[in-house]
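What follows is the residue order along each chain.
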Amino acid sequence: MSSSLASPLRFKRLLLTGAAGNLGRELRPRLKACCDTLRVSHRSDMGEAGAGEEIVIAPLEDRDAVLRMLEGVDAVVHMGGISTEQPFDPILAGNIVGVYNLYEAARKQGVKRIVFASSNHVTGFYRQDEVIDIDDRVRPDGLYGVSKAFGENLGRFYFDRYGIETVCLRIGSAFAQPKDRRMLATWLSFDDLERLVVAALTAPFVGFSIIYGVSDNKTLWWDNQKSRHIGYHPLDSSEPFRAAIEARQPELDYSDPAVIYQGGGFVRAGPFE
Ligand code: NAI
Ligand code: 15L
């Protein structure tokens, strides 16, 4: 679906990684509105390029391919990588080696800004009865969350050392609709995702910033006050879905770690070996 939410500021060439993934597929038509050319990348064949698009095949662990992927790019929306708790080897390839390759390529190709899809699982071991903000220490709820914390730290380093700006989006649960009680607090609508990504791309100066990617839900665990400079204003809320979700899931087991902690089921995923 495309929409008219995008900012008037236009880029010559934007790169969207992970373009065949769930969020990449949502963002692909929407980001075309803010650039002359949208370069979309994925690790394997993606079919034909649309009007105003370029397709690049680049496994993130392939350093040379990633270097070529960033050539001539103004800014990157980095959605590619492992998006759930998995064994360490794919996480290492996609989220650690891959993110290093991305930042090194940005440095060599002179790319100025990266919007990095981090995750709420960087802080998933905070409890659901706590409200936290970006100054609270990371408490990853698995190897996936650890790998996203690595990506955030790499972004911090590449800004301090090389001036490459990064906005880390600690995305909550970006789906068409919230699916369960936890997502009443963590849900990010696709339209708000677009608002967030466009704000992160176009805010005049972001340095190294972190912001939670969440809609304007009635129940919230994350306070984005310290990231107001990004200019993200969510317009959607999970509230219209509450009654149906609570009817489907009337009881919660308060001894279950997935109910106690913000990371939900991720806090008890794995080990895989
Ligand atoms: P997804 O798993 O649907 O998409 C990620 C894409 O990256 C996939 O198409 C996958 O094949 C690709 N990928 C994985 N490893 C790769 C590698 N080594 N090289 C190249 N491509 C690789 O995930 P989704 O939902 O689209 O999420 C996008 C990003 O946002 C991910 O980085 C995820 O961690 C993050 N995120 C998403 C949330 C959500 O609610 N959807 C919540 C929090 C974070
Ligand atoms: C994530 O980081 C995942 O990529 C996504 O699939 C969701 O499960 C989300 O977090 C969540 O916490 O709901």
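For the structure, check the block above.
Residues numbered from 1 in each chain as written. Chains lettered and ligands numbered in written order. Predicted model: local features only at pLDDT ≥ 70, side-chain atom pairs only at ≥ 80, totals over all residues. Heavy atoms only, no water.

**Q** Looking at this model, I keep getting lost on the packing of helix H3 (residues 88–109) against helix H4 (residues 143–162). Mind explaining?
**A** Packed helices, taken two at a time, are described by the angle between their axes plus the distance between the axes. In contact at an axis separation of 10 Å, H3 and H4 are set at 10 degrees when each is read in the N-to-C sense. Between H3 and H4, the angle is such that the two are roughly parallel. Of the two possible hands of crossing, H3 and H4 adopt the one that is right-handed. From H3, Phe 88, Ile 91, Asn 95, Ile 96, Val 99, Tyr 100, Tyr 103, Glu 104 and Arg 107 reach across to H4, where they touch Leu 143, Tyr 144, Ser 147, Lys 148, Phe 150, Gly 151, Leu 154, Gly 155, Tyr 158 and Tyr 162. Of the residues that constitute the contact of H3 with H4, the class distribution is 12 nonpolar, four polar and three charged. (Axes fitted to C-alpha atoms, helices over the stretch in contact; angles between N-to-C directions. Helix = DSSP H or I, 4+ residues; strand = E, 2+ residues; numbered from the N terminus. Parallel < 35°, antiparallel > 145°, perpendicular 65-115°, else oblique. Left-handed = near helix turned anticlockwise from the far one by under 90°. Contact = heavy atoms within 4.5 Å. Nonpolar A, V, L, I, M, F, W, Y, C, P; charged D, E, K, R; others polar.)

**Q** I would appreciate a short explanation of the layout of surface pockets in the present structure.
**A** Think of a ball as big as a water molecule: rolled over the atoms, this probe shows where empty space is left. In this model, the largest pocket occupies a volume close to 920 Å³. Lining the largest pocket are 41 residues, with Met 79, Gly 81, Ile 82, Ser 83 and Tyr 144 positioned closest to its centre. Those elements that place two or more of their residues in the lining of the largest pocket are helix H1 (22–31), strand E2 (35–42), H3, strand E5 (113–119), H4, strand E8 (173–174) and helix H5 (181–186). Of the residues that constitute the lining of the largest pocket, the class distribution is 15 nonpolar, 21 polar and five charged. Volume-wise, the second largest pocket comes out at about 390 Å³. Lining the second largest pocket we find 21 residues, and of these Gln 128, Arg 181, Trp 221, Leu 252 and Val 259 sit closest to its centre. In terms of residue count, H5 provides more of the lining of the second largest pocket than any other element does, four residues in total. Looking at the lining of the second largest pocket residue by residue, the class counts come to eight nonpolar, five polar and eight charged. (1 Å grid on protein atoms, 1.4 Å probe; cavity = no way out; pocket = protein on both sides within 12 Å on 5 of 7 lines; lining within 4 Å. Points joined across faces, edges and corners; volume = space filled by probe spheres on them.)

Just distances and angles here, no functional claims.
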